[in-house]
Structures are given as C-alpha cells and as structure tokens.
Amino acid sequence: MNTLHRRRALARALLPFACAALWGVRAEAAYPDHPIKLVVPFAAGSAADTLSRVVASALAEQLGQPLVVDNRGGAGGTIGTVDIARAKPDGYTLGIAAQGTLVNNQVLYRSPGYDSIKDFSFISEIADVQNLLVVSEKSPYHSARALLDAIKAKPPETFRYSSSGVGTSHHIAGATVAKYLDKPMMHVPYTGAPQGLSAILSGDVDMGLYNLPAAIGLVKSGKLRALAVTGPRRSALLPDIPTLDESGLKGYSVTLWWGLVGPAGLPADVSARLYAALDKVMSNQALRDKLIGQGFTLPDTPIPKPAAFQDLVRQDLAKWVPVLKELGTAAQ
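Throughout what follows, the structure given in this document is the object of discussion. Predicted model, so just to flag it, every value in this text is computed and none were measured.

1. Some remarks on unusual backbone geometry
A cis geometry characterises the amide bond from Tyr31 onward to Pro32, with omega recorded as -10°. In this structure, the amide linkage connecting Thr301 to the following residue, Pro302, adopts the cis form with an omega of 0°. The topology assignment puts Pro302 in the loop between helix H10 (285-293) and helix H11 (306-327). Phi is positive for Ala75, which is not a glycine, with a value near 55°. Examined against the element boundaries, Ala75 turns out to sit in the loop between strand S2 (67-71) and helix H3 (78-86). Relative accessible area serves as the criterion here: at 35%, Ala75 is assigned to the partly exposed category. Of note in this structure, Asp182 is not a glycine but carries a positive phi near 55°.

2. Quick look at the nonpolar core
Formed by 59 residues in total, the largest nonpolar core has its most connected members in Ile126, Trp258, Leu278, Met282, Leu291 and Phe296. For this core, the element with the most residues is helix H2 (residues 47-63), which contributes ten residues. Domain assignment of the residues forming this core places at least three in each of domain 1 (36-129 + 255-327) and domain 2 (130-247).

3. Observations regarding H10
Within H10, the full set of buried residues consists of Leu287, Arg288 and Leu291. Down the axis, H10 shows its buried residues gathered within 100° of arc, on one side only. Check the buried side of H10 and you find it contacts H2 and helix H9 (268-282). At the N-terminal boundary of H10, the capping side chain belongs to Asn284, with an oxygen 3.0 Å from the backbone nitrogen of Ala286.

Thresholds, definitions, all that
Each chain carries its own residue numbering, running from 1 in the written order of its sequence. Owing to the predicted nature of the model, reporting of local features is limited to residues with pLDDT of at least 70; listing and counting of side-chain atom pairs is limited to 80 or more, with chain, interface and lining totals taken over all residues. Hydrogens and water are ignored here; the side-chain numbers use all heavy atoms of the structure. A helix here means a DSSP run of H or I that spans at least four residues, while a strand means a run of E at least two residues long, and both kinds are numbered starting from the N terminus. Exposure is judged per residue with a 1.4 Å probe applied to protein chains only, and the accessible area is read against the type maximum: over 50% gives exposed, under 20% gives buried, and values in between give partly exposed. Take the buried Ala, Val, Leu, Ile, Met, Phe, Trp, Tyr and Cys residues and link them wherever side-chain atoms come within 4.5 Å; each set so joined is a nonpolar core. Each domain's limits were defined by an automated method or a database of domain assignments. Regarding the arc, it is the one traced by the directions from the helix axis to the C-beta atoms. Only heavy atoms matter for contacts: two residues are in contact if any of them lie within 4.5 Å across the pair. Whenever two N or O atoms come within 3.5 Å, that pair is a polar contact, provided that in protein one can donate a hydrogen and the other can accept it, and provided that, for residues adjacent in sequence, both atoms are side-chain atoms.

Take a look at the structure:
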C-alpha cells in the first residue's frame, strides 16, 4: 500500500471518531435544547413560588426554552430539595434553594436527605425578604407592642402562630419571638403559606410571621392587619409599620434568601450559561421594579457569583445552626 492509500485508509478509520467529537461539541453548545424543570420546594401561592414564576418566565426567554415550575412542597421544603439533589446533573432539573431548606433544616430534621454544600451546584442568590407579623382584622391587637405584652402576660402557649411548615422562615421567626419573650407559643404548621394565612383569617390561630410578598395582598385588602416587620429596617412598601426591634424586641432580625441551584456536578459550561442568563434577567429594570414592588429585596448586579452564593450558605450555617439549637427546635 503506497503512502497516499495509507493516508486515505487512516482518514476513513478516524472519520467516525471525528464525527463523534464534532457531535459532542455541537451537543454541548446546544444547551438547552429542550424544556427545563424548575423545582420549587414550596406550595403554590407562597413567596418562593411568586418569585420563581417571575424569574422562570424571564429566564426562559434568555435560554430559549421553557422553564416548567414544579411545586413540591411539604416537610419544610425537604421533599422538593431532595428531588433537586438527586436529579441528573445535566442542567435540565434546577431548583430554588432557600435559607430554610439549606440552613434551618440541617437542625430541624435529623436526616433531611441532603448535604447543603456537597449535594448542590450553586448558580446565584436571587432575592431576600423579611417577614410580616400579621393578625386578623378582627384581632383585638392593633400594635406589635400590645400583642407582645399580651403574650408575656398570659400562660405559655396561649397564643398560636401558624407557618407553612417546620423549618420555614415563618416557623423560625415565631420561635425567635417566643425566645425573646421567654414565653413559649404554640406552633401550628400547615402545608403552605396560603393555608397558614387562611388559618389566621378563620381564627384558628392568633397570628403569623409570613414572607412579605405572600401576606401583603391580604394586608392591602384589609383582611389582615400588619403589626411589624422582622428585618433590620422598615419596608419601603409599608413605611408606617415598625420593625420588631422598634416594638420592644431589641436586636431582633429574621430575614430569608432564595437562590438558584442545580444538583452537584453540573458541567462548568452549563453552570456558566445559567449564570450569564440569570444575570441578564436580574439586570432587567422592569423585572426588578416588579419584584421590589411585591416586597422582595434584590442583590446588586452583576449578581453574586456561584462561589459567593455558596459562601453565603456556609456563613449562615455557621451563624444560624447554633442559634436554632439554642431555640430548642427539635429534630424531626
């Protein structure tokens, strides 16, 4: 066989491998080429759900594929968060992580089913929010001070507060109030924020401390009465409502963040594509105005890098795990 024939034979032999390599490059470049599932480990109608749907719609435009929101609430968000952690790391199952699921649940559940650092690929923080202390419009309490004084004056567990489940920010906010007052209250968990808020409206419980976006509509309609916010400063949406710190609980501050994650092991190019698309979404002024108007606080842009988001989780684990243990929250 002469040299020319040998070269042609070698080229034919290598052709399938070259095609396979080229196909692999094209396949990677095509991400995403079909719809993406976004797991939201909280009930429809919750603040996390509201945030997720706004961001998912805008992110779908950036990525060129639909993002299908899949609400998997229950057990303080552990059910849906386990599903995120166990998904195939190909970029087609993403999820919403929350301070409650990645931090609080490590104390509140003996075995939540996931490691908050090792089991996830971090994309970026999306938003944070403070909670709103609310009572029914029929409640005799018209100020946070009056309510707090009544809680202190009456026997333990006289007052009942609802939440959307063990380990949620609503639960932690209420348990922290009880700790500050040194007076236990009865925690009544529900399957989601809408159900917990309905319990306040019906009089089944006395109060609740819900994410501002979930509760503000009922406040503005007059069905709920807002008494205080749980963050370090007043909300621009409700400037006349004091903080709990101003209402007598000096140093009280409980807020909540959310972010976008995938299962551990997302390919670097997929993670970079998602971060770039999310940064464009969160830089859109119309979207920012919409979310801020609903009560969310948004990070500055460019949004935090994946490593910065992971550092936030580590820092909050170091900060809140000892606090939650001190609160006496029992593992389930």
